[in-house]
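Each chain, written out:
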Amino acid sequence: MELKRKVVKGFTWVAAEKTASAVLQLGVSLVLLNLLLPEDYATIAIIVSIISILNTFVDSGFSQTLIRKTDADQRDLNSVFYFNIAVAAVIYILFALLCEPLAELYSNPRIATLGPVLFLLVPLYASSIIQQTVLSKRIDFKKLSKITFVSYLLADVMAVTIALCGGGIWALAAQRIGIVGFKSVILWMTGDWKPTLEFSFQPIREMFGYSSRIFATDLINNTYNNVASLFMGKIYPRELGFYDRALKLKNMPVDATVIAVQSVTFPALAEIRDDDRKFKESAHKIVSILSFCIFPMMAGLMAASQDIFTLFLPPRWQPSIPFFRVLCLAGMMSPLAIFFNNAMKIRSNGNIILRLEIIKKCIITVILACTIPLGAIAIAWGQVAIAAVDMTLNLFASRRYSNYMFVDFLRDVMPPLSISAVMYFTVYFIGLTALPLWLRLAAEIAGGVAVYVALAVLFRFEAWREVAEVLRKTACKK
């Protein structure tokens, strides 16, 4: 019961922070999208995709290893901290020097100017990994959530100010730097962990066996997650801006769910890794709640996308709508794939994860090779296929460790998927009415929520009872 209380409390705080951050980001994004051009977002997307891959080297799987390690001490934390800083410094120097060649490769001179600034994200990220790891290990997501939200708020205010003053693409660069930079500063100011001069290679060597497999898995994962944007930046530079914005707008609600699940379930499930019954019960509840929350969210956004883009964005962003609708399908599967991957990380020695990633990436390589030559929208459909492969293979591979079978999966996901489909068509048909645009969108949202909740109550979904209980307890505390 204590673990369940921690998980519910942790998930509530992370989900609340991510929801608040997503709402804030949505508002800021709408302002920036009205002030900036698709080419600005395309340039930032290329550099940020590279940084996302580089950050995998900085962490090298050690943060998850420390969370998993029950007897991690100050020497362990110190050693990983200094390792992170050293790797980040080398990476920054190397890629600051490579900005000119990258600009030539993409025929985009702005990369040479922006690169040395944006690559500062690598050492900034390294400076706060251990502080975040310590809070995650304690399941202290209340504090971490507050820090994250304040960081987003400060960075967004800075970005909007620069954009309104005519700063153009530098507003996006400042936003990226600000989010990571402010978070790092606040963690250092408020955190109770501080490094000492004690350092040893022994903890690095001891943790390397597990962390290296996590690192290899994450590296392959992050590379393939960003390879579409990197190819599009070279082959379809104009479409990349539309694709990137559609992806980021879709990711706002998905990331709120994914990060909450990733942050809370990994340390929580690590506490019951040796209890088969509790582990399976937890898997059942998490999959049920994830499906119940993410399916209607994505279905509703798909159905109302035309009205959302038309009401809030200038006409130049209309080409993003087809990308957005397709990518929402992939968004339904991402949180589930991550959960099943977490189950394997906790209960395996890491070998299965690396082997599985190699198999998945062989399949994904074929998907990318088939879709990239066909155009930008084909790449988006390829992301749906990739998400399906990722979720399916993770599910089947994790059965050995969680005893959570395919029939359990169908029993958990089919009910919310079915009523999400009903909700989708409800919203779609409301969208065909001749109501004024703002009133029609309000009717789509209200109608979709009402139909989904009514069906969940009517059929007595267990996930609805769990979600309602969390909401009730949260409201009572307020």
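Presented here is a report on the structure given in the accompanying data block. Remember, it's a predicted structure, so these values are computed and weren't measured experimentally.

### Examining the packing of aromatic side chains
Phase 1: Enumeration over the complete set of coordinates arrives at 17 aromatic pairs.
Phase 2: Their ring planes at 85 degrees and their centres at 5.9 Å tell us that Phe242 and Trp317 sit as a pair that is edge-to-face. Here Phe242 is found in helix H12 (residues 237-271), whereas its partner Trp317 is found in the loop between helix H13 (276-312) and helix H14 (320-347), with 75 residues between them in sequence. In terms of burial, Phe242 and Trp317 fall into one category: buried.

### So, the nonpolar core
Phase 1: Ranked by internal contacts, the top residues of the largest apolar core, which has 110 residues, are Leu118, Phe119, Tyr243, Leu336 and Phe409.
Phase 2: When neighbours within four sequence positions are excluded, Phe409 is seen to be in contact with Val287, Leu336, Phe340, Met391, Leu395 and Tyr404.
Phase 3: Grouped together as the second largest cluster of nonpolar side chains are 10 residues, Phe62, Leu66, Phe81 and Met207 included.

### Topic: the environment of Phe324
Phase 1: You can see Phe324 is positioned in helix H14.
Phase 2: In this structure the C-alpha to C-alpha distance between Phe324 and Tyr243, which are 81 residues apart in sequence, comes to 7.7 Å.

### Concerning the side chain of Asp244
Phase 1: Within the secondary structure, Asp244 is located in helix H12.
Phase 2: In this structure the side chain of Asp244 is engaged in a polar contact, spanning 2.7 Å, whose partner is the side chain of Lys248.
Phase 3: If sequence neighbours within four positions are ignored, Asp244 has contacts with Tyr41 and Ala45.

What counts and what doesn't
Residues numbered from 1 in each chain as written. Predicted model: local features only at pLDDT ≥ 70, side-chain atom pairs only at ≥ 80, totals over all residues. Heavy atoms only, no water. Phe/Tyr/Trp six-rings, centres within 6.5 Å; stacked < 30°, edge-to-face > 60°. Helix = DSSP H or I, 4+ residues; strand = E, 2+ residues; numbered from the N terminus. Buried < 20%, exposed > 50% of the residue type's maximum accessible area, 1.4 Å probe, protein only. Core = buried A, V, L, I, M, F, W, Y, C linked by side-chain atoms within 4.5 Å. Contact = heavy atoms within 4.5 Å. Polar contact = N/O pair within 3.5 Å; in protein donor to acceptor, adjacent residues only side chain to side chain.

Shape descriptors only; they carry no functional weight alone.
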